[in-house]
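Architecture at a glance
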Amino acid sequence: MHNCLEIKYDVMAGNAAKIKDYTGKELLVVVKNNAYNMGLLEVVGCLMQVGVRHFCVAAVDEAETIKRNFPEAYVLATNPANAEEIQSAQKLYIALSIPGKGWLEANRKRLQGVELHLKFNVGMNRFGARWVDEAREILGICSAERLEVTGLSTHFPLAEEDDLTEHNRQVDVFAGLY
């Protein structure tokens, strides 16, 4: 007995097109870890065919792969980037998440010309500003350095729990940032 996974890229593209049509909004599709092992370039390619242009990955090397194959794509890399990766992000127009104040302070002089997104930690405890005051400090540093911050994101770690109490608390924390 063999287990087989059939990936229907045309169905995936059709679903993305329906969501775009229904919402009237652009989609930012998370395709990290080789598009969850469905094939990074295959998934991005099929989504590009229906007008999806915004993608999110974990690592800069994945973002580089997308940008080299689809230069018109907008790509956000969420894991902390090192100096070499920041240089690549500048060259290929890859957006980067700010994983915290320490990273920003260490890299502030390298980040000119890189579009940045502030990541806010609501409970995943991997990356992101942990408090509103830290987020304000990060934005203050970005303003002083004239760095371009264009987005705000988080990662909800408990989205599939039956008891939504903690998830709802996290949503409230994130929504309170506005």
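Everything below is about the structure shown above.
Thresholds, definitions, all that
- Residues numbered from 1 in each chain as written.
- Predicted model: local features only at pLDDT ≥ 70, side-chain atom pairs only at ≥ 80, totals over all residues.
- Heavy atoms only, no water.
- Axes fitted to C-alpha atoms, helices over the stretch in contact; angles between N-to-C directions.
- Helix = DSSP H or I, 4+ residues; strand = E, 2+ residues; numbered from the N terminus.
- Parallel < 35°, antiparallel > 145°, perpendicular 65-115°, else oblique.
- Left-handed = near helix turned anticlockwise from the far one by under 90°.
- Contact = heavy atoms within 4.5 Å.
- Buried < 20%, exposed > 50% of the residue type's maximum accessible area, 1.4 Å probe, protein only.
- Lys, Arg positive; Asp, Glu negative; His and termini not counted.
- Salt bridge = Lys/Arg side-chain N within 4 Å of Asp/Glu carboxyl O.
- Core = buried A, V, L, I, M, F, W, Y, C linked by side-chain atoms within 4.5 Å.
- Pairing = 2+ DSSP bridges.

Okay, the packing of helix 4 (residues 60–69) against helix 5 (residues 83–92) next. Remark: helix 4 packs on helix 5, axes separated minimally by 10 Å, with the N-to-C direction vectors making an angle of 20 degrees. As summarised for this structure, helix 4 and helix 5 are arranged roughly parallel, according to the angle between their axes. The two elements helix 4 and helix 5 cross, and the hand of that crossing is left-handed. Residues Val 60, Glu 64, Lys 67 and Arg 68 of helix 4 form the contact with helix 5, whose participating residues are Glu 85, Ser 88 and Leu 92.

Here we take up the side chain of Glu 62. Structurally, Glu 62 is set in helix 4. No salt bridge is formed by the buried Glu 62. Its closest oppositely charged neighbour is Lys 32, at 8.3 Å. Residue contacts for Glu 62: discarding those within four places in its chain leaves Val 31, Lys 32, Asn 33, Asn 34, Leu 40 and Val 57.

The next subject is the nonpolar core. Membership of the largest hydrophobic core comes to 44 residues, with the highest contact counts inside it found for Val 31, Phe 55, Ile 66, Leu 96, Leu 104 and Leu 111. Ranked by the residues each element gives to this core, the list is headed by helix 3 (residues 40–48), at six residues. Residues in contact with Leu 104, not counting those within four places in the same chain, are Ile 98, Leu 111, Ile 138, Ile 141, Cys 142 and Leu 147.

The strand order across the open sheet built from six strands is 1-2-3-4-5-6, with neighbouring strands paired in parallel fashion. Here the strands that pair on one side only, and so sit at the sheet edges, are strand 1 (28–30) and strand 6 (148–153). Across the sheet, the axes of successive neighbouring strands diverge by a mean angle of 30 degrees, strand direction being ignored. In this structure, strand 5 (residues 115–119) lies alongside strand 6, joined through five bridges in parallel fashion. Across the sheet, the residue bridging to Leu 118 is Leu 152, located in strand 6. The sheet strands contacting helix 4 are strand 2 (54–57), strand 3 (74–77) and strand 4 (95–98), and the helix crosses strand 3 at an angle near 170 degrees.

Another point: the pattern of salt bridges. In the structure shown here, the tally under the stated rule is eight salt bridges. One salt bridge connects Glu 26 with Lys 20, and the closest N-O pair in it is separated by 3.5 Å. Taking the relative accessible area as the measure of exposure, Lys 20 reaches 15% and is therefore buried. Residue Glu 145 pairs with Arg 108 through a salt bridge whose shortest N-O separation is 3.0 Å. Note that Glu 145 is positioned in helix 7 (residues 132–145) and Arg 108 in the loop between helix 6 (101–107) and strand 5, a separation of 37 residues in sequence. For Arg 108, a relative accessible area of 23% gives the class partly exposed. Within this structure, Lys 101, Glu 105 and Glu 137 form a network of salt bridges that share partners.

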